[in-house]
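# Examining the three-dimensional arrangement
The lines below spell out each chain.
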Amino acid sequence: DAKTTQPPSMDCAEGRAANLPCNHSTISGNEYVYWYRQIHSQGPQYIIHGLKNNETNEMASLIITEDRKSSTLILPHATLRDTAVYYCIVTQYAGNMLTFGGGTRLMVKP
Amino acid sequence: DVKVTQSSRYLVKRTGEKVFLECVQDMDHENMFWYRQDPGLGLRLIYFSYDVKMKEKGDIPEGYSVSREKKERFSLILESASTNQTSMYLCASSFEGAVGGYTFGSGTRLTVV
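All of the points below concern the structure found in this document. Keep in mind the model is a prediction, meaning the values are calculated, not measured. (Residues numbered from 1 in each chain as written. Chains lettered and ligands numbered in written order. Predicted model: local features only at pLDDT ≥ 70, side-chain atom pairs only at ≥ 80, totals over all residues. Heavy atoms only, no water.)

## So, the overall build of chain A
Helix and strand counts for chain A stand at zero helices and nine strands. Along the chain direction, N to C, the helices and strands of chain A fall in the order β-β-β-β-β-β-β-β-β. Scaling as 2.2 N^0.38, a compact globule of 110 residues should have a C-alpha radius of gyration of about 13 Å, and chain A matches this with 13 Å. For chain A, the spread of C-alpha atoms along the principal axes amounts to about 40 × 30 × 25 Å. Per-residue burial for chain A yields a buried fraction of 45% across its 110 residues. Taking contacts inside chain A between residues at least 6 apart in sequence as the whole, the part at least 24 apart equals 57%. Here chain A contributes 9 positively and 9 negatively charged side chains, and the mean placements of these two sets differ by 5 Å. (Helix = DSSP H or I, 4+ residues; strand = E, 2+ residues; numbered from the N terminus. Rg over C-alpha atoms; globule rule 2.2 N^0.38 Å. Buried < 20%, exposed > 50% of the residue type's maximum accessible area, 1.4 Å probe, protein only. Contact = heavy atoms within 4.5 Å. Lys, Arg positive; Asp, Glu negative; His and termini not counted. Charge placed at Lys NZ, Arg CZ, Asp CG, Glu CD.)

## Some thoughts on the interface of chain B and chain A
Counting residues at the interface gives 22 residues for chain B and 18 residues for chain A. Between chain B and chain A, a total of about 1,500 Å² is buried, with carbon and sulfur atoms accounting for 55% of that surface. Our count for the chain B to chain A interface comes out at zero salt bridges. Counting across the interface, chain B meets chain A through five residue pairs in polar contact (both at pLDDT 80 or more). (Buried area = accessible area lost by both parts, 1.4 Å probe. Salt bridge = Lys/Arg side-chain N within 4 Å of Asp/Glu carboxyl O. Polar contact = N/O pair within 3.5 Å; in protein donor to acceptor, adjacent residues only side chain to side chain.)

## Focus: the sheet that holds strand β4 (residues 45–50) of chain A
Residues and elements named next belong to chain A. If you walk across this open sheet you meet the five strands as β1-β9-β8-β3-β4, and the pairing is mixed. Bordering the open sheet on either side are β1 (9–13) and β4, each of which pairs with just one other strand. Each neighbouring strand pair of the sheet contributes to a mean axis angle of 25 degrees, computed without reference to strand direction. Where strand β8 (residues 84–91) meets strand β9 (residues 104–109), three bridges bridge the pair, whose relative direction is antiparallel. Across the sheet, the residue bridging to Y86 is T104, located in β9. (Pairing = 2+ DSSP bridges. Axes fitted to C-alpha atoms, helices over the stretch in contact; angles between N-to-C directions.)

## Observations regarding the state of the cysteines
In this structure the tally under the stated criterion is two disulfides over all chains. Note that A:C22 is cross-linked by a disulfide to A:C88, the S-S spacing being 2.1 Å. Residues A:C22 and A:C88 share a disulfide whose torsion about the S-S bond is about -80 degrees; that sign makes it left-handed. Of this pair, A:C22 sits in strand β2 (residues 18–23) while A:C88 sits in strand β8, and the two are 66 residues apart along the sequence. For the pair A:C22 and A:C88, one class covers both residues: buried. Put simply, B:C23 and B:C91 are joined by a disulfide, and their sulfur atoms are 1.9 Å apart. Taking the sign of the S-S torsion, -75 degrees for the link of B:C23 and B:C91, the bridge is left-handed. Of this pair, B:C23 sits in strand β3 (residues 19–25) while B:C91 sits in strand β9 (residues 87–94); the two residues are 68 residues apart in sequence, bridging distant segments of the chain. An identical accessibility class is assigned to B:C23 and B:C91; each is buried. As a non-bridged cysteine, A:C12 has A:C22 as the owner of its nearest cysteine sulfur, 18 Å distant. In this structure A:C12 comes out as buried when scored by relative accessible area, which is 9%. (Disulfide = S-S within 2.5 Å.)

## A few points about the layout of surface pockets
What the largest pocket holds in volume is close to 610 Å³. Along the wall of the largest pocket there are 29 residues; nearest its centre are A:Q38, A:H40, A:V85, A:R105 and B:Q37. Those elements that provide at least two residues to the lining of the largest pocket are β8 and β9 of chain A together with β4 (31–38) and β9 of chain B. Across the lining of the largest pocket, the residue classes tally to 11 nonpolar, 15 polar and three charged. (1 Å grid on protein atoms, 1.4 Å probe; cavity = no way out; pocket = protein on both sides within 12 Å on 5 of 7 lines; lining within 4 Å. Points joined across faces, edges and corners; volume = space filled by probe spheres on them. Nonpolar A, V, L, I, M, F, W, Y, C, P; charged D, E, K, R; others polar.)

Remember that the coordinates give geometry; whether it matters functionally is a separate question.
So, in structure tokens, the structure goes:
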């Protein structure tokens with residue numbers, strides 16, 4: 001699986017959009033981009049995934065650049081409960097064993 | 001609501017004990033995984049299974065074994081617990097193929113004294 005690079009930490013004001021970047025410059029054509037988050041003392045939670053097109057669900061939006069070398073997870077109206085570590089992972093399919101990097105620690109502040 | 005259930009939230013065991021960590025999922029997932037999570041080291045894969053009675057080593061299998069006798073249950077076994085196995089253990093499951101993602105359990109925080 002391709003490697004990903006994420007900033008170690010970010011802050012966001014409550015109610016504002018949180019934009020979390022991820023670089024995956026060595027991604028191959030059949031690899032998906034997955035996002036998970038881990039709230040303190042809980043197991044990671046699946047958020048969203050995509051291949052080429054932008055995706056949106058009830059939790060977030062995923063924007064993938066045309067060359068697929070980077071992506072951005074958008075939480076449109078961040079709340080204090082969105083404070084968590086966010087992991088960007090590239091893999092061929094959901095069932096594959098996932099390698100979790102360091103992720104981005106998002107702190108949503110009042 | 002679909003679930004991955006880990007049998008214990010907190011566990012304290014003595015050095016040398018045989019420890020069983022149980023994980024049950026109710027989603028008919030083919031794949032199941034055991035990770036451990038330690039500060040500064042992130043999540044590391046111990047073992048995984050793609051089918052009943054099948055198992056594959058992950059990145060750090062030493063000191064552990066697993067059992068998958070039924071599709072819904074995946075057990076992690078510490079044959080002789082040691083203090084360096086004190087950690088948060090996380091079980092996960094998923095469908096085979098690119099459908100959704102992993103579902104994780106809440107974790108078992110194991111302390112070996």
